[in-house]
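The chain contents come next:
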Amino acid sequence: MQDKILQNIIYEISECDSQQAFREFFNHYFPQLLHYSNAIVDNKQVAEEIVCDTFLAFWKNRKMAGTIKSVPYYLYTSCKNGCINYLTRERKRHLIDIDSIESNLCFTYRNPETDAISKENVRHLLEAVKTLPPKCQLILRLIKEEGFNYKETAALLEISVKTVEAQMVIAMKKLKEYFDVSNAAQFSPSQKKINNF
Amino acid sequence: MSIERFIELAAKKKSREINLVEQRELSRILEENPDLQLFLESADQFFETPVFSDGNFGEQGFVDQHWEQFERRTIFTETPAITPFYKQRRFSYGIIGLAASLLLLIVLKFALPKNKAELLPEKENTVSTNCGSKSKITLPDGSSVWLNADSKISYPKSFGADTREVFLMGEAYFDVAHDAGHPFIIHSGDIDVRVLGTAFNVRNYKNEKSIEVSLIRGKIELSMKGQIENKILLNPSQKLVISKTASQPDVEGKAVENEGPKNLFTLTHVNVRDSLVAETSWMENKAVFINRQLDDIMEELDRRFNTNTIFKDEDVKKYRYTIYTNDFNLKEIMEVLKLSKGFTYQLSNDEIIISK
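To start, this report covers the structure provided alongside it. All figures in this text were calculated on a predicted structure; none of them were measured in a lab. (Residues numbered from 1 in each chain as written. Chains lettered and ligands numbered in written order. Predicted model: local features only at pLDDT ≥ 70, side-chain atom pairs only at ≥ 80, totals over all residues. Heavy atoms only, no water.)

**Some thoughts on the interface of chain B and chain A**
A common way to report how large an interface is uses the accessible area buried once the components associate.
Now for step 1: Contacts between chain B and chain A engage 56 residues on the former and 64 residues on the latter.
Now for step 2: Taken together, the two surfaces of chain B and chain A that pack against each other cover about 6,100 Å², and 64% of this comes from carbon and sulfur.
Now for step 3: On the chain B side of the interface with chain A, the three residues burying the most area are Phe-52, Phe-57 and Trp-67 of chain B, jointly 14% of the side's total.
Now for step 4: Applying the counting criterion to the chain B and chain A interface returns three salt bridges.
Now for step 5: Arg-141 of chain A is the partner of Asp-54 of chain B in a salt bridge, and the nearest nitrogen-oxygen pair spans 2.7 Å.
Now for step 6: Connecting chain B to chain A are 17 residue pairs in polar contact (both at pLDDT 80 or more).
Now for step 7: The set of elements that each furnish at least two residues to the side of chain B that touches chain A consists of helix H1 (3-14), helix H3 (34-48), strand E1 (52-53), helix H4 (60-73) and strand E15 (272-273) of chain B.
Now for step 8: Take the side of chain B that touches chain A: its biggest share by element is nine residues, from H1 of chain B.
Now for step 9: Along the lines of polarity and charge, the residues of the side of chain B that touches chain A split into 28 nonpolar, 15 polar and 13 charged. (Contact = heavy atoms within 4.5 Å. Buried area = accessible area lost by both parts, 1.4 Å probe. Salt bridge = Lys/Arg side-chain N within 4 Å of Asp/Glu carboxyl O. Polar contact = N/O pair within 3.5 Å; in protein donor to acceptor, adjacent residues only side chain to side chain. Helix = DSSP H or I, 4+ residues; strand = E, 2+ residues; numbered from the N terminus. Nonpolar A, V, L, I, M, F, W, Y, C, P; charged D, E, K, R; others polar.)

Structure follows, in structure tokens:
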């Protein structure tokens, strides 16, 4: 969601108690948060509950929303805390188990035909992303499409900033690989060496 | 040049985490390897296009279902658990409404009331900054004030006795200690800002056409000097811009008519980008310029670095830039501006000459 639009929505929610604005807010962030929380708790029903609780809390505290520096980060963090509370209560784990994210996270992508991903190279690079491990894809999504920075992403996944940096490099390498192939790079011995990175 | 290093820098760039030094390194690499530029352009396009979807989590029917459930659970009209205590009078945001009320008002003279004038020259503390410097001071009540370049703040020795009053010219960021018994009041030119424990920015430079007050958190109340009854309440992330050149009421209380309608006040929001608030970025040694003309930017830089900019070309003055930097360093900023939209400049002895 663009800054300006989000700012207006937050203004409407916190100052005007606008349910309509809140619904727009809900429509935009509900699916994302569900995806994120499901990755952590590995249970769709529980994830749904946690996300609804997150929105409820946000509505209750809406008067303070204007003072939040980064609303998306606040929202995700609030959701994360809900997940941790659940995990602690169930005595399943004390931390987010990043390995479990590897195994149960399932990604979906926009359909190139129907979603007007018209540029050929974008479609091609999407193929590159699909081959990345789930954790890497999640990090890429948080940075590329949810607009978080390294620090925020690291906090939301409970990993180090260095790990986030490294994963973004892995993603970038893969993009370059696919780009080179699609541009019919000549396979000389030195080129081969580069491709082995 | 290693391709690994290029990939690292490209990753940082697309994650919006690249700093100025790294950006220069990247530009150099691209100059020497133009074929990499093609890849970067492709990556740019890719990063601008959303490719992830939420699958059936994102289907409208699915979301609608959950919204309905949510609606059932939530009592929307319930008074929020946390209600800021200041939500009482509300300023109606009609600018015309304000102008009309000013017209009807019988306005007192704009001179400082007698006792204040006596207060000023005598026992008072003054802190001022020149071009090129910033300063942080702590007031006797524990409040912090960060003074930007070319600014001056003064307060009487009796600060804190009854009220906590300061006088400001220039730009300062205030973090006011909470003390309900002693109102904190800032006088700056024609405005008075009344505070109760908040963090905000006041900008009133002599040579600028407007006064800007940006509220970060808490609450503040603004009024025009001498019109204490007409108050404007600001909420967090709101910014009030007061034009110094718009029509002012004269002594009889009628607005002086100018050519066209002029906005005396504009209520807007602070500019937030990537969690960095533009209005207070000067405090953290970062710079945020959003669609500003080069002559404006150079004025800001002159103030900050105590330099003098001379434009040899009129067109260049109007070039617009949007830049965010983590390092408010003159040489680096000039280079970034140049990279963004080119011009030539000479920097010597605190003098900057800019031409096409």
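**Here's the deal with the packing of aromatic side chains**
Now for step 1: The tally for this structure, following the rule as stated, stands at 33 aromatic pairs over all chains.
Now for step 2: Centroid distance Phe-30 of chain A to Phe-55 of chain A: 6.5 Å. Interplanar angle 35°. Geometry classified as tilted. Residue Phe-30 of chain A is found in helix H2 (residues 19-41), and its partner Phe-55 of chain A is found in helix H3 (residues 44-60); the two are separated by 25 residues along the sequence. By the burial criterion, Phe-30 of chain A is buried, and Phe-55 of chain A matches it.
Now for step 3: Note on Phe-343 of chain B and Tyr-345 of chain B: the rings are 6.2 Å apart at their centroids and 55° apart in plane angle, and the pair reads as tilted.
Now for step 4: Residue classification places Tyr-345 of chain B among the buried residues on the basis of a relative accessible area of 16%. (Phe/Tyr/Trp six-rings, centres within 6.5 Å; stacked < 30°, edge-to-face > 60°. Buried < 20%, exposed > 50% of the residue type's maximum accessible area, 1.4 Å probe, protein only.)

**Here's the deal with the sheet that holds strand E20 (residues 344-348) of chain B**
All names here are of chain B.
Now for step 1: What the three strands build is an open sheet, ordered E18-E21-E20; its pairing is mixed. Lying at the two open borders of the sheet, with one neighbouring strand each, are strand E18 (308-311) and E20. In this sheet, neighbouring strand axes are inclined to one another by 15° on average, regardless of whether the strands run parallel or antiparallel.
Now for step 2: Where E18 meets strand E21 (residues 351-355), four bridges bridge the pair, whose relative direction is parallel. (Pairing = 2+ DSSP bridges. Axes fitted to C-alpha atoms, helices over the stretch in contact; angles between N-to-C directions.)

**Regarding helix H8 (residues 150-157) of chain A**
Residues and elements named next belong to chain A.
Now for step 1: The element H8 is extensively covered by neighbouring structure, given that six of its eight residues are classed as buried.
Now for step 2: Among the residues making up H8, those that are buried are Tyr-150, Glu-152, Thr-153, Ala-154, Leu-156 and Leu-157.
Now for step 3: With a side-chain oxygen positioned 3.1 Å from the backbone nitrogen of Lys-151, the residue opening H8 is Asn-149.

**With respect to the layout of surface pockets**
Residue and element names in this part refer to chain B.
Now for step 1: Taken as a whole, the second largest pocket spans an internal volume of roughly 900 Å³.
Now for step 2: Taken together, 33 residues line the second largest pocket, and the ones lying closest to its centre are Arg-203, Glu-208, Glu-212, Arg-292 and Glu-300.
Now for step 3: Of all the secondary-structure elements, those providing two or more residues to the lining of the second largest pocket are strand E9 (199-204), strand E10 (210-217), strand E14 (265-269), strand E17 (287-293) and helix H7 (294-305).
Now for step 4: Tallying contributions element by element places H7 first for the lining of the second largest pocket, with six residues.
Now for step 5: Along the lines of polarity and charge, the residues of the lining of the second largest pocket split into nine nonpolar, nine polar and 15 charged. (1 Å grid on protein atoms, 1.4 Å probe; cavity = no way out; pocket = protein on both sides within 12 Å on 5 of 7 lines; lining within 4 Å. Points joined across faces, edges and corners; volume = space filled by probe spheres on them.)

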